[in-house]
Amino acid sequence: MMSSEPMQATAAPVEAAPAAKPDHPMRETLKIFLKNRSAAGGLILLGLILFATIFGPAIYGVDPYEMVWMPLSPPGDGTPLGTDYIGRDILAGILVGGRVTLIVGAVSAVMTIVIGLVVGSFAGFFGGRVDAALMKFTEFFQVLPSLLLAMVMVTIFSPSLGTIIFAIGIVGWAQIARLTRAEFMRIASLEYVKAARAAGARDGYLMFRVILPGSLPPIVVASALVTGASILFEAGLSFLGLGDPNQLSWGLIIGQNQNYLMDAWWTVTCPGIAIFLTVLAISLIGDGINDALNPRARKRG
Amino acid sequence: MQTLRKLTPAFKRVLEAFGLVMAVVILNFLLIQMAPGDPVEVIVGEMGGASEELIAQLRQQYGLDQPVLHQLGIYLGKVLTGDLGYSYYFNTPVLDLLLQRVPATVLLCLSALFVAVLVGTFAGAFSARKPDGAGSHIVTVISLVGYSAPVFWIGMMLLILFASVWPIFPVAGMQSLRKPSGFAYYLDILHHLVLPTITLAMIYIAYYSRLARTSMIEVLGQDYIRTARAKGLPENKVIWKHALRNGLIPIVTMVGLQFGQLFAGAVLVETVFNWPGLGRLAYESILRRDYPTLLGILLFSAVLVMIANLLTDIAYRRIDPRMRKART
């Protein structure tokens with residue numbers, strides 16, 4: 001999900017704008033983005049990770065759920081990244097486990113962003129009592145320890161992919177809502193919105209066709225952060241044993257091998273590196289979009 | 001409304017905080033209501049079965065034969081009198097269990113916060129002096145790592161490095177098995193505290209150093225800083241005295257907003273380091289499906305977060321003179 005959003009935002013205008021219009025702002029944004037080495041690196045890294053999780057299991061061909069070798073044997077001693085406490089291949093586990101981690105991370109990020117957008121846009125557009133009520137609601141979710149709330153929900157409603165996605169989505173949207181609200185308030189006071197209102201545009205049209213497009217850039221950047229956070233969140237939940245016990249994920253592998261940490265560093269180190277690199281790639285892309293949309297901030301540091 | 005406006009802002013904040021805690025209580029109630037099976041079935045399950053009579057008696061005792069709103073009233077009354085239920089697994093009232101575990105969590109959270117604010121602010125302010133210098137790039141790299149690595153994994157890596165490869169810190173817990181007496185007792189706890197604190201602080205060092213840098217760069221560009229420099233103040237005094245005071249404001253705001261997340265991080269860190277606080281208790285109660293304890297922790301942490309928020313609000317007014325009058 002994360003990878004498609006910035007691509008849509010930046011790639012579409014390239015096809016639309018011929019070389020005669022070099023000053024199209026979107027085109028310039030894309031240029032700055034691609035010139036930014038760390039952003040391009042993040043994009044490549046994310047591409048590699050997606051490729052590895054989609055095609056990796058078929059190419060590598062080892063069953064991640066089967067005991068294939070001596071338990072806790074180190075990397076290079078029969079298997080590339082070693083085996084876990086019941087002799088399952090760590091590399092196979094990482095390749096397959098990435099699917100759950102990435103899907104849960106992406107879907108729950110979309111849910112987070114949608115809830116945040118809806119709450120924030122209503123609060124920012126209607127102001128007054130609607131705003132006050134919605135912001136109290138948002139504050140409630142912002143101050144609660146989100147991981148703990150998600151833990152409680154998953155425990156009570158039994159761990160499954162659906163519950164986990166729902167729990168992550170429901171606890172993390174406050175920041176997006178605040179951001180959307182601020183942007184809506186700023187843009188709603190601009191001339192072109194007043195003009196559209198004077199021309200008789202309805203509220204729904206004003207919100208989603210007039211104001212929303214203008215408020216998207218900072219939200220896209222925040223969405224990258226949210227996606228990274230959702231992946232970390234999923235990892236945390238499955239580390240605590242609140243993932244779907246029948247489906248391997250990176251956090252689950254770490255959690256299951258937690259007790260063998262001192263004797264078999266590879267069992268927790270390798271899946272952790274996978275999580276780290278994925279979130280790092282997304283953060284780099286997010287930073288790149290931010291710099292590209294906001295060149296002034298980039299120069300200042 | 002008129003009377004509300006007359007109240008002092010501080011008192012209004014207390015009222016708001018109380019309202020939010022009440023909202024958490026209601027949320028807890030709803031979660032229990034929505035959970036598959038009623039609480040009595042859960043309790044009976046925990047006790048390992050019970051007779052029909054006992055079940056009926058429990059139902060009556062918990063008011064489950066009453067309408068939902070009435071039940072909510074009973075629940076609110078219980079919570080307000082400090083009755084958070086009974087943990088059948090630990091065989092203790094939940095409140096006692098929580099109170100036992102609070103000091104460890106507060107110690108861990110506060111020391112992590114202290115380290116994070118201190119290191120983060122210094123790193124950020126330092127790198128703000130030369131936005132394109134090497135220091136600035138190091139801050140960027142460190143903050144990227146802090147953002148991107150799972151906190152429990154950082155803890156495990158520190159354990160492997162500093163408790164196994166180079167064993168200078170203890171592996172787990174808060175105290176050695178043989179408790180030393182006197183001053184050594186506190187040193188022992190401090191020794192155990194180092195790795196969990198660094199782990200938990202890592203995320204926030206990443207966060208605050210970035211925040212401090214951005215805000216310091218902005219503050220250093222303002223007129224009053226130019227004035228301070230023009231009148232010949234030494235650069236160190238300009239940065240650490242004049243600029244930092246304003247540069248700190250966004251950090252204090254953020255600290256206030258993030259107490260909840262800090263606590264959430266503590267759950268993971270305490271699990272990794274076997275730190276005997278509320279977070280570890282949360283993990284244990286998940287393993288046992290001990291709902292009363294889990295819900296009690298949620299409520300308790302909300303109260304802790306509210307108290308912390310109130311304290312930040314006070315700190316905020318102290319740092320920013322404009323807020324002393326203006327804030328509603």
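Residues numbered from 1 in each chain as written. Chains lettered and ligands numbered in written order. Predicted model: local features only at pLDDT ≥ 70, side-chain atom pairs only at ≥ 80, totals over all residues. Heavy atoms only, no water.

Right, let's talk about the overall build of chain A for a bit. Each helix and strand in chain A was counted, giving 13 helices and zero strands. Across chain A, helices and strands are ordered from the amino to the carboxyl terminus as α-α-α-α-α-α-α-α-α-α-α-α-α. With the C-alpha coordinates of chain A rotated into their principal frame, the extents come out at 75 × 50 × 35 Å. Across the 301 residues that make up chain A, the buried fraction comes to 52%. In chain A, 70% of the contacts between residues at least 6 apart in sequence involve partners at least 24 apart. Carbon and sulfur atoms provide 65% of the accessible area of chain A, an area that totals close to 13100 Å². (Helix = DSSP H or I, 4+ residues; strand = E, 2+ residues; numbered from the N terminus. Buried < 20%, exposed > 50% of the residue type's maximum accessible area, 1.4 Å probe, protein only. Contact = heavy atoms within 4.5 Å. Areas by Shrake-Rupley, 256 points an atom, 1.4 Å probe, with all protein chains shown as cover.)

What follows covers unusual backbone geometry. Residues and elements named next belong to chain B. For Asn-91, which is not glycine, the phi dihedral falls at a positive 60 degrees. With respect to the helices and strands, the residue Asn-91 is situated in the loop between strand E1 (86-87) and strand E2 (92-93). For Asn-91, a relative accessible area of 55% puts it in the exposed group. For Asn-274, which is not glycine, the phi dihedral falls at a positive 55 degrees.

Residues and elements named next belong to chain B. As annotated by UniProt and renumbered to match this structure, "transmembrane region" (unreviewed entry) occupies residues 14-32, 104-126, 138-169, 189-207, 247-273 and 293-316. Each end of residues 14-32 is marked by a C-alpha atom, and these two atoms are 27 Å apart; helix forms 100% of the span and strand 0%. Strand forms 0% of residues 189-207 and helix 100%; the C-alpha atoms that close the span are 27 Å apart. (UniProt positions renumbered as here; feature names shortened; annotations may be inferred.)

Taking the UniProt record as the reference, the feature "domain: ABC transmembrane type-1" (unreviewed entry) is found at residues 102-316 of chain B. Between the end C-alpha atoms of residues 102-316 of chain B the distance is 26 Å, and the span holds 82% helix and 0% strand.

Right, let's get into the UniProt feature "transmembrane region" (unreviewed entry) in chain A. Residue and element names in this part refer to chain A. Within the UniProt annotation, "transmembrane region" (unreviewed entry) is assigned to residues 39-60, 102-126, 147-176, 219-243 and 264-285. Counting secondary structure, residues 39-60 comes out at 100% helix and 0% strand; the distance between its end C-alpha atoms is 29 Å. For the annotated span residues 147-176, helix accounts for 80% and strand for 0% of the residues, and the straight-line distance between the end C-alpha atoms is 17 Å.

With that out of the way, let us pick up the packing of helix H10 (residues 203-239) of chain A against helix H12 (residues 265-293) of chain A. All names here are of chain A. One way to put it is that H10 packs onto H12 with a least axis distance of 9 Å and a crossing angle of 170 degrees. Taken together, H10 and H12 sit at an angle that is classed as roughly antiparallel. Listed contacts from H12 to Pro-217, Val-220, Val-221, Ala-224, Thr-227, Gly-228, Ile-231, Leu-232 and Ala-235 of H10 are Ile-275, Thr-278, Val-279, Ile-282, Gly-286, Ile-289, Asn-290 and Leu-293. Broken down by class, the residue content of the contact of H10 with H12 amounts to twelve nonpolar, five polar and no charged. (Axes fitted to C-alpha atoms, helices over the stretch in contact; angles between N-to-C directions. Parallel < 35°, antiparallel > 145°, perpendicular 65-115°, else oblique. Nonpolar A, V, L, I, M, F, W, Y, C, P; charged D, E, K, R; others polar.)

This part covers the interface of chain A and chain B. If you look at the interface, chain A gives 43 residues, while chain B gives 54 residues. Sorting the residues of chain A by area buried against chain B places Val-143, Ile-156 and Met-262 of chain A first, and these three jointly supply 14% of that buried surface. Linking chain A with chain B are one salt bridge, by the criterion used here. Taken together, the links from chain A to chain B amount to five residue pairs in polar contact (both at pLDDT 80 or more). Elements with a contribution of two residues or more to the side of chain A that touches chain B: helix H5 (128-143), helix H6 (146-156), H10, H12 and helix H13 (295-300) of chain A. Considering every element that reaches the side of chain A that touches chain B, the biggest residue donor is H12 of chain A, with twelve residues. (Buried area = accessible area lost by both parts, 1.4 Å probe. Salt bridge = Lys/Arg side-chain N within 4 Å of Asp/Glu carboxyl O. Polar contact = N/O pair within 3.5 Å; in protein donor to acceptor, adjacent residues only side chain to side chain.)

Structurally, the α-helix is built with 3.6 residues per turn, so residues lying three or four positions apart point the same way. Looking only at helix H2 (residues 25-35) of chain A, the buried set comprises Thr-29, Leu-30, Ile-32 and Phe-33 of chain A. Taken around the axis of H2 of chain A, the buried residues stretch over an arc of 165 degrees, which confines them to a single face. (Arc of directions from axis to C-beta.)

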